[in-house]
Amino acid sequence: IAGAVADEFKFGAYLVGGCVRDILRGEENLDIDIVIEGDAIAFAKKLGEEIGAKVTTHERFGTAQVIKKDFKLDIATARTEYYESPAALPKVEMSSIKKDLYRRDFTINTLAVKLNKKDFGLLIDFFGGQRDLKDKVIRVLHNLSFIEDPTRAFRAIRFSERFGFKLTRHTENLIRSAIRMNIFEKLSGTRLYDELMLTFDETNPVKALKRLGDYELLKVIHPKISFSPELESLLQSVHDTITWFELLFLNEKYDKGMLYIMALLYKLNKEEREVALNRLSVTSRLKNKILNGLNAAKNILRGLKPDNPIEIYHMLEGHDIEFILFSMALTNDSEKKKAISHFLVKLRGIRPELKGDDLKALGISPGPEYSRIFKKILDEKLINRLHTKDEEIEFVKKL
Ligand code: ATP
């Protein structure tokens with residue numbers, strides 16, 4: 001259908017990017033990117049009409065999204081601007097799609113599939129993407145790639161870890177020389193932060209972070225961060241804690257990235273942590289959350305009595321979930337780990353069944369007394385001495 005719509009407009013239409021790469025690797029990728037040689041927005045609107053899908057457009061960027069149920073198409077106008085690098089520019093005029101693909105990061109991401117009726121399904125490979133997929137390598141398209149966009153160094157390592165591909169020697173050298181040239185100083189905090197978040201989302205983030213450490217790319221966050229065995233084990237522990245938590249609490253929203261950032265900053269002193277968080281341009285709210293969390297984690301762990309549910313509850317209750325998970329990851333004491341998991345799985349969900357109205361019905365007039373009674377009921381429930389509402393009523397009568 002996309003091909004037919006493009007034909008009507010006489011636009012070239014191509015499937016591009018990660019989706020083509022992953023199809024050729026025999027993997028599924030549901031993020032579908034289409035590049036249009038022409039007006040992507042007009043194309044998207046027409047396509048949306050044809051298939052009864054919702055269309056959102058970003059006029060400024062010449063991009064649109066076509067969304068139908070859980071199916072999503074990203075549509076972009078072929079970008080024709082490219083960075084001047086005379087030695088690398090071919091003499092012949094490039095067609096739009098070729099220019100668009102030349103702006104991309106690695107050869108394996110430059111493959112495209114034609115969608116127009118004529119040549120439908122034709123695989124377009126200007127830069128040796130198929131060869132590199134077969135050879136399992138990550139290769140930049142030209143020497144200025146990392147200078148144009150330093151986030152590509154992080155992307156290279158992410159893809160390399162995800163697919164088990166190697167960076168070509170040349171690509172590796174270009175990252176090293178970009179580091180020597182201090183190119184990463186120019187990378188904005190927001191983009192650096194976003195790249196790190198994507199790294200944390202990988203199946204094996206600890207290995208990817210180790211590789212970033214090997215290339216000294218963690219020093220972009222703060223010069224004092226190095227990938228020591230200690231940091232590795234803390235990151236691994238964060239990863240294990242997160243895996244456990246997500247398995248049990250599928251729908252609970254939390255900020256996974258915050259936990260990894262806390263681990264990366266753990267060994268730094270207070271000033272260094274602040275410098276690092278400023279480098280990442282996090283909001284002052286998140287910055288304070290992380291700084292306070294890092295300060296408090298050790299103290300809480302020191303005071304935690306693993307065999308006393310009432311104390312566990314009152315120590316952890318009210319803290320951010322990220323902080324609680326980080327404390328769980330930080331401690332090597334298996335009893336304390338168990339206590340925190342007990343809090344998350346059971347204790348934090350315990351509430352008195354009685355409500356204010358029930359207390360009123362028992363003849364107690366509303367006032368500060370209520371919260372004291374509720375706390376007493378709660379504590380009894382935490383140590384499993386009260387179960388049913390009737391038992392709670394009996395308990396209150398005896399107070
Ligand atoms: P995945 O989403 O599975 O991580 P992807 O290849 O789809 O992989 P995206 O970040 O969604 O990754 O990017 C889509 C496409 O845009 C890439 O395939 C690549 O061609 C291009 N691209 C993304 N970021 C850059 C960049 N920093 N420099 C050049 N090209 C990029």
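Please refer to the structure placed before this passage.
Calculation criteria
- Residues numbered from 1 in each chain as written.
- Predicted model: local features only at pLDDT ≥ 70, side-chain atom pairs only at ≥ 80, totals over all residues.
- Heavy atoms only, no water.
- Salt bridge = Lys/Arg side-chain N within 4 Å of Asp/Glu carboxyl O.
- Helix = DSSP H or I, 4+ residues; strand = E, 2+ residues; numbered from the N terminus.
- Buried < 20%, exposed > 50% of the residue type's maximum accessible area, 1.4 Å probe, protein only.
- Pairing = 2+ DSSP bridges.
- Contact = heavy atoms within 4.5 Å.
- Axes fitted to C-alpha atoms, helices over the stretch in contact; angles between N-to-C directions.
- Patch = residues over 30% accessible without salt bridge, like charges linked within 9 Å, V, L, I, M, F, W, Y side chains within 5 Å.
- Areas by Shrake-Rupley, 256 points an atom, 1.4 Å probe, with all protein chains shown as cover.
- Near = heavy atom within 4 Å.
- Polar contact = N/O pair within 3.5 Å; in protein donor to acceptor, adjacent residues only side chain to side chain.
- 1 Å grid on protein atoms, 1.4 Å probe; cavity = no way out; pocket = protein on both sides within 12 Å on 5 of 7 lines; lining within 4 Å.
- Sits in = over half its atoms within 2 Å of the grid points.
- Nonpolar A, V, L, I, M, F, W, Y, C, P; charged D, E, K, R; others polar.
- Expected span 1.5 Å × (residues − 1).
- Arc of directions from axis to C-beta.

Taken as a whole and judged by the stated rule, the model has 33 salt bridges. When the shortest N-O distance is used, the salt bridge between Arg-158 and Glu-195 registers 3.2 Å. Of this pair, Arg-158 sits in helix α7 (residues 151–163) while Glu-195 sits in helix α9 (residues 189–200), and the two are 37 residues apart along the sequence. With relative accessibility at 4%, the residue Arg-158 sits in the buried group. By relative accessible area, Glu-195 is classed as buried at 7%. The structure contains a network of salt bridges with shared partners spanning Arg-158, Arg-162, Glu-195 and Glu-202.

All right, on to the sheet that holds strand β4 (residues 63–68) then. Strand order in this open sheet of seven strands is β3-β4-β5-β2-β1-β6-β7, and the pairing throughout is mixed. With partners counted over all chains shown, the strands left at the sheet margins are β3 (54–58) and β7 (123–124), one partner each. Direction of pairing for β4 relative to strand β5 (residues 71–77): antiparallel, over a ladder of six bridges. Its bridge partner lying in β5, Ala-64 is registered against Ile-75. In the packing of helix α3 (residues 40–51) onto the sheet, contacts are made with β2 (31–37), β3, β4 and β5, and the angle to β5 comes to roughly 155°.

The next point concerns the pairing of β2. Here strand β1 (residues 12–16) pairs with β2 via five bridges, running antiparallel. Bridge pairing links Gly-12 to Glu-37 in β2. With six bridges joining them, β2 and β5 adopt parallel strand pairing. Counterpart to Ile-32 in the pairing with β5 is Leu-73.

As a further point, take a nonpolar patch on the surface. Among the surface-exposed residues, Leu-144, Ile-147 and Met-181 lie close enough to one another that they form a single nonpolar patch of about 250 Å² accessible area. As for its position among the elements, Ile-147 is in helix α6 (residues 145–148). For Ile-147, a relative accessible area of 36% corresponds to the partly exposed category.

In the neighbourhood of the ligand, 14 residues make up the surrounding shell, with Arg-21, Asp-149, Arg-152, Arg-155 and Arg-162 lying closest. Within the backbone of Asp-105, one N or O atom sits 3.1 Å away from a nitrogen atom of the ligand. Within the side chain of Arg-155, an N or O atom sits 2.9 Å from an oxygen atom of the ligand. Notes on the ligand: free accessible area 590 Å², of which the protein chains cover 74%. According to the grid-proximity analysis, the pocket containing the ligand is the largest pocket. Going through the elements one at a time, α2 (18–24) and α7 are the ones with two or more residues in the shell around the ligand. Partitioning the shell around the ligand into residue classes produces one nonpolar, five polar and eight charged.

Time to look at helix α8 (residues 169–180). Look at α8: 16 Å from first C-alpha to last across twelve residues, which is about the 16 Å you get at 1.5 Å a residue. Residues Thr-171, Leu-174, Ile-175 and Ala-178 constitute the buried set of α8. Down the axis of α8, the smallest arc covering the buried residues is 100°, so these residues share one side. Of the exposed residues in α8, the ones pointing more than 90 degrees away from its buried face are Arg-169 and Arg-180. Against β8 (137–138), α6, α7 and β9 (166–167) lie the buried residues of α8. Of the residues one or two after α8, Asn-182 is the one with positive phi, at around 55°.

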